[in-house]
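Each chain is listed here by its residues.
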Amino acid sequence: MEDKKNDTLREDARIVPQTAPAPAILPDLPEQELPEDIPAEVKEKLKADLAETKPDDIREDILSAEREELEDPDSQPDRLSKSRLLKLLMKKQYTELRAVTEDEQPADLAELLEELDENNRLLVFRLLKKDVAAEAFAYMSDEARNDLIEAFSDVELVNALEVMSLDDAADILEDMPASVVKRILEKSSKSTRESLNKLLHYPESSAGSLMTPEYVRLRQNMTVEQAFRAIRAQGENAETVYTCYVVEKNKLVGVVSAKELLLSDFSTPISELMDDNIVAVKVTDDQEDVARQMQHYDFNAMPVVDDEGMLVGIVTIDDAVDVLTQESSEDMQKMAAILPEDASASYFGTSVWTHAKQRIPWLLVLMLSATFTGMVTVHYEAAFVSLPLLVSFMPMLMDTPGNCGSQSCTLMVRGLALGEISSRDWLRVIWKELRVSVIVGVVLGIVNGLRILITYDVFMPGRYENVPGYALVVSLALFFSIILAKLVGGVLPLAARKAHMDPAIMASPLITTIVDATSLIIYFNIALIVFADKMH
């Protein structure tokens, strides 16, 4: 298979010589006219851009793409590749380019378009069929999408938004300047404008901003046969047809699945099939709570109602997954002491300055908080002046309890996020973490005590006095520090939730900073008791 792939690429390379420049026009490849369905204004821009495009630049891009594909172990020869797309563009095979992109999944096509440079991406995007372009546009990263928006005319942007689902279109408009949004809405159709205005009116991160008003509506007095006709009429624009909603005077009265309709007689009334035990969310509910409810009930779609119980839209599973992914990314950033900005932005899609700006504030706080650890060390200076060996155990005594606290904290943040734990469970958490910490402390304390005895009594005999005393001090300090660390790591996230703060901010770095200072206090106080006769 690898030899066949290499032969194919070598065959393609004959069209694009690497040693001598190829002629500007390829005579054996007739040019194709631009597709007729491209709007006149867009076609003029496309012609101008194609006229300015240098074939040599595209050839260099093709060679670079082919090298990347050869080096990529996951490259699939049967999939549309960046090099093939660029070759079709260079050869002016516009009809073929449309045909191969039409067969691609929108998410895969969006990823492929993002690999192109800005100029080639714009050219290819303008050559795509309207519906294909709109679907791919919805899957693009914010950075790639913004590059296209800056180059788009109002006509192009309105065309893209008209074809997209309304919830996706609203998400894109939310990130645009108000003046641009106003201009686009003015040129949109009346129905699209009204629907988008409603979605944009809801608070950010609410169910209303996440929902789509495109769903299948049925009535109680319909039969299954009539319901199928309604689904056919509404299904083309509906976000999903697997779940249909029974409404009377816009009020949600029941839910029926497509499976139930398919398995029922045509004459069966919808009122006998629908489930009137409705689970719905309100437009003002937080989007993360909505996603969690969908996860809990295993819903593919969740109905959204207003304060009067009127059905205004639905939240679909793809949007719920996006919300959970975004919230998870934000929690991970906070747990790593990074200020979250745009959780949807990729690592490479975020500028160096933004990365630094996100990390510096918490790092400054943690660095300055380490002053307390230094003050503790200075306070007990006499202890390690008299017994210098005590200093060698300090890093382990700060790191190990800190790691133990981080474990508990991570489990608490996860449990709170999934709804498994609430702030009311603090006593149960303390009791459980206390038992866990005793077991962990005993095991680690014994192992560490044996390590000290073997290291300093067996391998360094006679070098230090009272090695068992050091083993006892370190083991006891480790035992009590682990108990303290696990209790702090378990309780702090609960306290943060009770104070209406994000539990993720009480994560690893902060826990470690707190435990470092307390561990040293425990350690030196035990040393002062055990080695009282050695202290000056």
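Residues numbered from 1 in each chain as written. Predicted model: local features only at pLDDT ≥ 70, side-chain atom pairs only at ≥ 80, totals over all residues. Heavy atoms only, no water.

## With respect to helix 6 (residues 106–115)
Then comes step 1: Along helix 6, the residues that are buried comprise Pro106, Leu109, Ala110, Leu112 and Leu113. Axial view of helix 6: buried residues confined to an arc of 165°, hence all on one face.
Then comes step 2: Buried-residue contacts for helix 6 involve helix 4 (82–90), helix 5 (94–102), helix 7 (118–127) and helix 8 (130–139). (Buried < 20%, exposed > 50% of the residue type's maximum accessible area, 1.4 Å probe, protein only. Helix = DSSP H or I, 4+ residues; strand = E, 2+ residues; numbered from the N terminus. Arc of directions from axis to C-beta. Contact = heavy atoms within 4.5 Å.)

## Describing the pattern of salt bridges
Then comes step 1: As enumerated under the stated definition, the model contains nine salt bridges in all.
Then comes step 2: A salt bridge links Arg121 to Asp147, with the nearest nitrogen and oxygen atoms 3.5 Å apart. Highlighted residues: Arg121 in helix 7 and Asp147 in helix 9 (residues 142–151), separated in sequence by 26 residues.
Then comes step 3: We classify Asp147 as partly exposed; its relative accessible area is 23%.
Then comes step 4: Arg229 is the salt-bridge partner of Glu225, the closest N and O atoms lying 3.8 Å from each other. With Glu225 and Arg229 both in helix 15 (residues 224–235) and four residues apart, the pair spans about one turn of that helix. (Salt bridge = Lys/Arg side-chain N within 4 Å of Asp/Glu carboxyl O.)

## Concerning the packing of aromatic side chains
Then comes step 1: Within this structure, the stated rule accounts for twelve aromatic pairs.
Then comes step 2: Measuring from centroid to centroid gives 5.4 Å for Tyr297 and Phe299, while their planes differ by 25°, and the two rings are stacked.
Then comes step 3: A residue is classified by how much of its surface remains accessible, and Tyr297, at 40% relative accessible area, is partly exposed.
Then comes step 4: By relative accessible area, which is 25% here, Phe299 ends up partly exposed.
Then comes step 5: Where Phe393 meets Tyr456, the ring centres are 6.0 Å apart and the plane angle is 80°; that geometry is what we call edge-to-face. Taken together, the residues Phe393 in the loop between helix 22 (389–392) and helix 23 (394–418) and Tyr456 in helix 24 (residues 426–458) connect sequence positions 63 residues apart.
Then comes step 6: Each member of the aromatic cluster is reached from another via a ring pair, and the members are Phe125, Phe137 and Phe152.
Then comes step 7: Just above the ring of Tyr215 sits the side chain of Arg217; from NZ or CZ to the centre is 4.2 Å. (Phe/Tyr/Trp six-rings, centres within 6.5 Å; stacked < 30°, edge-to-face > 60°. Lys NZ or Arg CZ within 6 Å of the ring centre and 35° of its normal.)

Remember, this is a structural readout, not a statement about activity or role.
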